[in-house]
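Understanding the architecture of this molecule
Here are the chains, one letter per residue:
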Amino acid sequence: MYAVVSLISAWAIPAIIVFIPLYAYFKRIPVYESFVEGAKDGFQTSINIIPALVGMMVAISVFRASGAMEWIVGWFAPLLNWFGVPSEVLPLAFLRPITGAGSLAFTTDLIKTYGADSMIGRMASTVQGSTDTTLYVLMVYFGAIGIRKGRYALKVGLFSDLVGFVAAIIVCLLVFG
């Protein structure tokens, strides 16, 4: 079975790269012109999302520089310790919905400090893979296509991040604890 999966994975991308131009050729689709038209649309979309990205970066900087993160972690630390959860992973619950790069940097720091096989490293890695950058997705993608009323998407996205965080912690405690 491993040999079959390895063979498929080795040939999947080259097959797609060959298939798409051949398909376009037989369907008489102008591949290059279609690509250029898509690139124009992509460039316009990236220009449209710049204000949302700048706003997001400023908000993240203010949140971290204000000391609000440390205050929140200090407030929740006794409760987390009572459940056997290291408080060092709590900032991921706040960073991950906001920024993928910031939460990945934080996870990397935790792994460098405590080790990849430590409970903190395992929890941080599991949280990183179990949650999403909800606010980033809403700001960038909703802003790019002009959706202005996203409050229900925000509620559902943040709730799913909370569930992902709690589930990641529970699974790590059950499997590695």
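Keep in mind that what you see is a predicted model, and the values were worked out from it rather than measured.

Looking only at helices and strands, the protein chain features eight helices and zero strands. In terms of overall size, the protein chain is more extended than a compact globule, its C-alpha atoms giving a radius of gyration of 21 Å where 177 residues would be expected to give roughly 16 Å. Projected onto its principal axes, the C-alpha positions of the protein chain cover 65 × 50 × 30 Å. Residues counted as buried form 27% of the 177 residues belonging to the protein chain. Of all intrachain contacts in the protein chain linking residues separated by at least 6 positions in sequence, the fraction that spans at least 24 positions is 64%. Of the roughly 12200 Å² of accessible surface on the protein chain, 72% is carried by carbon and sulfur atoms. Across the protein chain, the 11 positively charged side chains and the 9 negatively charged ones have centroids separated by 9 Å.

A few words now on the pattern of salt bridges. A complete count under the given rule lists one salt bridge for this structure. Between aspartate 117 and arginine 122 there is a salt bridge, with the nearest N and O atoms lying 3.9 Å from each other. On the basis of relative accessibility, which here comes to 27%, the residue arginine 122 falls in the partly exposed class.

So, on to the UniProt feature "transmembrane region" (unreviewed entry) in the protein chain. Summarizing the sequence annotation, UniProt attributes the feature "transmembrane region" (unreviewed entry) to residues 6-26, 47-66 and 156-176 in the numbering used throughout. This span, residues 47-66, is 95% helix and 0% strand, and a straight line between its end C-alpha atoms measures 30 Å. Taken end to end, residues 156-176 comprises 100% helix and 0% strand; its first and last C-alpha atoms sit 29 Å apart.

We now examine the packing of helix α2 (residues 31-65) against helix α7 (residues 134-145). One way to put it is that α2 packs onto α7 with a least axis distance of 8 Å and a crossing angle of 145°. The chirality of how α2 crosses α7 is right-handed. Residues Thr45, Ile49, Ala52, Leu53 and Met56 of α2 form the contact with α7, whose own contacting residues are Leu135, Tyr136, Met139, Val140 and Ala144.

Right, let's talk about a nonpolar patch on the surface for a bit. Judged by side-chain polarity, Phe159, Leu162, Val163, Val166, Ile170, Val171, Leu174, Val175 and Phe176 come together as a nonpolar surface patch covering roughly 870 Å² of accessible area. Note on placement: leucine 162 falls in helix α8 (residues 151-176).

With that settled, consider helix α1 (residues 2-27). With 26 residues, α1 ought to run about 38 Å at 1.5 Å a step, and its terminal C-alpha atoms sit 36 Å apart, in line with that. A maximum bend of about 35° is found in α1 at alanine 12, where proline proline 14 lies one to four positions downstream. Taken across its 26 residues, α1 has one buried, putting it largely on the surface. Positive phi appears at arginine 28, one or two residues downstream of α1, with a value of about 60°.

What counts and what doesn't
Residues numbered from 1 in each chain as written. Predicted model: local features only at pLDDT ≥ 70, side-chain atom pairs only at ≥ 80, totals over all residues. Heavy atoms only, no water. Helix = DSSP H or I, 4+ residues; strand = E, 2+ residues; numbered from the N terminus. Rg over C-alpha atoms; globule rule 2.2 N^0.38 Å. Buried < 20%, exposed > 50% of the residue type's maximum accessible area, 1.4 Å probe, protein only. Contact = heavy atoms within 4.5 Å. Areas by Shrake-Rupley, 256 points an atom, 1.4 Å probe, with all protein chains shown as cover. Lys, Arg positive; Asp, Glu negative; His and termini not counted. Charge placed at Lys NZ, Arg CZ, Asp CG, Glu CD. Salt bridge = Lys/Arg side-chain N within 4 Å of Asp/Glu carboxyl O. UniProt positions renumbered as here; feature names shortened; annotations may be inferred. Axes fitted to C-alpha atoms, helices over the stretch in contact; angles between N-to-C directions. Left-handed = near helix turned anticlockwise from the far one by under 90°. Patch = residues over 30% accessible without salt bridge, like charges linked within 9 Å, V, L, I, M, F, W, Y side chains within 5 Å. Expected span 1.5 Å × (residues − 1). Bend = angle between axes of the 7 residues up to and from the residue.

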